Each structure stands twice: as C-alpha cells, then as structure tokens.
Amino acid sequence: MIEENSFTFSFEQEENIDGLFYYTLKNVSSNNKPIELVFSSSQEIDYVISDLDENELYQYSKENFFTQAMMYKTIGPNEEYIVNVDFRDVFSSLEDEEFDIEIWTVAKGLNARAKIRVILN
C-alpha cells in the first residue's frame, strides 16, 4: 500500500491547446523512497466525462481495450509520472460545451483522483 501523504497529483490543461491535458503524479515522499505503481493491465488511468448534472457522458475504460499483463512503473523521490491525455476526439463527439472530467490512476493501492471543469469555446 502506498502512503497517502507520499504523493501529490494534478490534472492540468496545456496552455492554448484545446483537448490536450496532462495528469501528473509526483512522488513527494519525505523518506526519499521510490514508489512502485502496479497496474493489472496496460490501462494506467481512467476518466469519466459528465455533464453539469453529473450524468455520465463518456468513460474511457468502457470504450477501450487493454492488454491483460501486469505493468510496473517506479517513481523515484521527487520524480513525476505524467500521462498525456488527448480529449480532442471525445470532445468532438459531445454536444455539451461545459462539463466535468474526473480522472484517476488505476494503480493498485493508490487513490489519486482529480477533477476539472472544462468549457469549450
């Protein structure tokens, strides 16, 4: 189990690029030990896009297939684990122009969730 206070995480949009976001998990362990992330498949993250009434519009894991093989990633002290998430195809299929995205890692023993509101112009 990974200590809850040993990491920080964020979910940010790259400036001036609609639909391209970064999910970042940073090891801020005070004991300078690496964190090993364990994934039960090739899926590293999952996310749900919801309208403002919290109705699910899209879930990443329901629309994609993943290989069933254990994956391991090690994050050293003060290192970052960054996942680039491109929502452009998903955004083009949505009718709403404002919605929430909740994203999380599916690594075992780690509850790193973030939520962001997106307004498309």
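These figures come from a predicted structure and were not determined experimentally. (Residues numbered from 1 in each chain as written. Predicted model: local features only at pLDDT ≥ 70, side-chain atom pairs only at ≥ 80, totals over all residues. Heavy atoms only, no water.)

Novice: Give me the lowdown on the overall build of the chain, citing residues and values where you can.
Specialist: A count of helical and extended segments in the chain gives two helices and nine strands. Secondary structure elements of the chain occur, N-terminal to C-terminal, as β-β-β-β-β-α-β-β-α-β-β. In the chain, the proportion of contacts linking residues at least 24 apart, taken out of those at least 6 apart, comes to 65%. With the model as given, the accessible surface of the chain reaches about 7500 Å², and the carbon-plus-sulfur share is 42%. (Helix = DSSP H or I, 4+ residues; strand = E, 2+ residues; numbered from the N terminus. Contact = heavy atoms within 4.5 Å. Areas by Shrake-Rupley, 256 points an atom, 1.4 Å probe, with all protein chains shown as cover.)

Novice: Before we move on, can you summarise the side chain of Thr105 with the specific residues and values?
Specialist: Counting through the fold element by element, Thr105 comes out in strand E8 (residues 98–105). Residue Thr105 is classed as buried on the basis of its relative accessible area of 4%. Engagement of the side chain of Thr105 in a polar contact is seen with the backbone oxygen of Glu44, the distance being 3.3 Å. At 3.2 Å, the side chain of Thr105 forms a polar contact with the backbone nitrogen of Ala107. (Buried < 20%, exposed > 50% of the residue type's maximum accessible area, 1.4 Å probe, protein only. Polar contact = N/O pair within 3.5 Å; in protein donor to acceptor, adjacent residues only side chain to side chain.)

Novice: Any chance you could break down the nonpolar core for me, citing the residues and the numbers?
Specialist: Judged by nonpolar contacts, the single largest core of 25 residues is most densely connected at Leu37, Tyr47, Ile49, Phe87, Phe91 and Ile101. Every element with two or more residues in this core is listed here: strand E3 (35–39), strand E4 (45–50), strand E7 (80–86), helix H2 (88–93), E8 and strand E9 (113–119). Those residues in contact with Ile101 that sit more than four places away from it in its chain are Phe11, Tyr47, Val48, Ile49, Phe87, Phe91, Ala114, Lys115, Ile116 and Val118. (Core = buried A, V, L, I, M, F, W, Y, C linked by side-chain atoms within 4.5 Å.)

Novice: Any chance you could break down the packing of aromatic side chains for me, citing the residues and the numbers?
Specialist: Working definition: an aromatic ring pair is given by the centre-to-centre distance plus the angle between the planes. Here the structure, examined in full by the defined rule, presents seven aromatic pairs. With 5.5 Å between their ring centres and 15 degrees between their planes, Phe87 and Phe91 make a pair best called stacked. Phe91 shares its class with Phe87; the two are buried. One aromatic cluster is present, formed by Tyr47, Tyr58, Tyr60, Phe66, Phe87, Phe91 and Phe99 through successive ring pairs. Just above the ring of Trp104 sits the side chain of Arg113; from NZ or CZ to the centre is 4.2 Å. (Phe/Tyr/Trp six-rings, centres within 6.5 Å; stacked < 30°, edge-to-face > 60°. Lys NZ or Arg CZ within 6 Å of the ring centre and 35° of its normal.)

Novice: Could you give me a rundown of unusual backbone geometry, with the residues and numbers involved?
Specialist: Positive phi outside glycine occurs at Glu54, with the angle close to 70 degrees. Classification of Glu54 as exposed rests on a relative accessible area of 63%.

Novice: Can you explain the side chain of Asp46? Please cite residues and give values.
Specialist: Topologically, Asp46 is positioned in strand E4. Buried charged residue Asp46 carries no salt bridge. Nearest counter-charge: Arg113, at 7.6 Å. Looking at Asp46, its side chain comes within polar contact range of the side chain of Gln59, at 2.8 Å. With sequence-adjacent residues up to four places away left out, Asp46 is seen in contact with Gln59, Tyr60, Ser61, Glu102, Ile103, Trp104 and Val106. (Lys, Arg positive; Asp, Glu negative; His and termini not counted. Salt bridge = Lys/Arg side-chain N within 4 Å of Asp/Glu carboxyl O.)

Novice: With reference to specific residues and values, describe the pattern of salt bridges.
Specialist: Close approach of charged atoms lets side chains of opposite charge pair. Enumeration according to the criterion identifies five salt bridges in this entry. Linking Glu56 and Lys62 is a salt bridge whose minimum nitrogen-to-oxygen distance equals 3.1 Å. Its salt-bridge partner being Arg88, residue Asp86 comes within 2.7 Å of it at the nearest N-O pair. A residue is classified by how much of its surface remains accessible, and Asp86, at 40% relative accessible area, is partly exposed. On the basis of relative accessibility, which here comes to 42%, the residue Arg88 falls in the partly exposed class.

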